[in-house]
Amino acid sequence: MPEPEPEPEPKPAPEPDPGSGPGTVKHVLESSRRPGRFVVTLVDGRTYLVSIGALTETGATRSGVELDTGAVARLSRESLVTDLTDRALNALARGRRTRRELEIRLRRLQPDATLIAEALDRLTSIGVLNDEDVAHAEAAARLRRGEAPAKVRQVLRRKGVEGRVVQDAVNAAISEDGFDELAACRALAEKRARALGAKEPEVVRRRLAAFLQRRGFGGSVVGQVLREVLGRQTE
């Protein structure tokens, strides 16, 4: 008879999570790198970067304070949310960002969607993060650069802006700047035609059409502009 398989050795019990237990505050210092943030260090070495509001909420305001498990857990969560908030602020300082773009950026650092949502909600509540403002500024800038409204709408939707907000932003930018799609397409075509130089007419037509379509101009507008611009070149 085959020998019975040996019983598996019992696995050791998992070590308790050191971040989930109570602790005693060693010191509280304002961060030298992040003004308005405070570094809370516990006697056992655990460290949390939080706002002054979190210090008051948890009671971690001075050395020697003993914190229960709940207070330490709140410090831990607040530290994660504070870090995400600061990283989102840094991204906004470098350029316009929609909420969706920030979510994607922060997901590379933190898999917990609820923490990310809480961080971005804080920025929204103080008016720092606003998709309507981003959409309006982006639409105006892109129209001035010669992109067609259709292309601008496509870009904004890719950035995660809601459909109604996209439409309102593009319409407002068109109205405020007096954007004329035909005139904008014509100006781009004339500039591009000069850059293409003395090539075969069919080559110029094909490349010019592709260029204008990539900018989002529709077939009827492109066709009319090509007839005008290329027709003048052959006169």
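Residues numbered from 1 in each chain as written. Predicted model: local features only at pLDDT ≥ 70, side-chain atom pairs only at ≥ 80, totals over all residues. Heavy atoms only, no water.

Caption draft 1: Examining the nonpolar core more closely. Ranked by internal contacts, the top residues of the largest apolar core, which has 32 residues, are A139, L156, L208, L212, F217, V225 and L226. Only α5 (131-144), α6 (149-158), α7 (163-177), α8 (181-196), α9 (201-214) and α10 (219-234) provide two or more residues apiece to this core. Apart from the residues within four sequence positions on either side, L156 is in contact with A135, E138, A139, V161, V166 and V170. Grouped together as the second largest cluster of nonpolar side chains are 14 residues, F38, Y48, V50 and A60 included. (Core = buried A, V, L, I, M, F, W, Y, C linked by side-chain atoms within 4.5 Å. Buried < 20%, exposed > 50% of the residue type's maximum accessible area, 1.4 Å probe, protein only. Helix = DSSP H or I, 4+ residues; strand = E, 2+ residues; numbered from the N terminus. Contact = heavy atoms within 4.5 Å.)

Caption draft 2: Representation of the packing of α8 against α9 in the model. The contact between α8 and α9 brings their axes to 10 Å, and the two run at 135°. The angle between α8 and α9 falls in the class oblique. In this structure, the crossing between α8 and α9 has a hand that is right-handed. Contacts between α8 and α9 involve C185, L188, A189, R192, A193 and L196 from the first element and V204, R207, L208, F211 and L212 from the second. In the contact of α8 with α9, the residues fall into nine nonpolar, no polar and two charged. (Axes fitted to C-alpha atoms, helices over the stretch in contact; angles between N-to-C directions. Parallel < 35°, antiparallel > 145°, perpendicular 65-115°, else oblique. Left-handed = near helix turned anticlockwise from the far one by under 90°. Nonpolar A, V, L, I, M, F, W, Y, C, P; charged D, E, K, R; others polar.)

Caption draft 3: Structural detail: the sheet that holds strand β2 (residues 37-42). Strand order in the open sheet formed by four strands is β3-β2-β1-β4, with antiparallel pairing between adjacent strands. Strand pairing shows two members of the sheet lacking a second neighbour, β3 (47-51) and β4 (66-67), which therefore form its edges. Across five bridges, the pairing between β2 and β3 is antiparallel. Each residue of the ladder has a partner; that of V40, found in β3, is Y48. The strands that helix α2 (residues 69-94) touches are β1 (23-30), β2, β3 and β4; relative to β3, the one it contacts most, it runs at about 65°. (Pairing = 2+ DSSP bridges.)

Caption draft 4: Representation of the pattern of salt bridges within the structure. Per the counting criterion, the structure on display carries 21 salt bridges. With a closest N to O distance of 3.5 Å, R99 and E103 form a salt bridge. One end of the pair, R99, and the other, E103, are both in helix α3 (residues 99-107), four residues apart, so they sit about a helical turn from each other. (Salt bridge = Lys/Arg side-chain N within 4 Å of Asp/Glu carboxyl O.)

Caption draft 5: Quick look at the packing of aromatic side chains. Overall, the coordinates contain zero aromatic pairs when judged by the stated rule. Above the ring of F211, the side-chain terminus of R192 is found at 4.8 Å from the ring centroid. (Phe/Tyr/Trp six-rings, centres within 6.5 Å; stacked < 30°, edge-to-face > 60°. Lys NZ or Arg CZ within 6 Å of the ring centre and 35° of its normal.)

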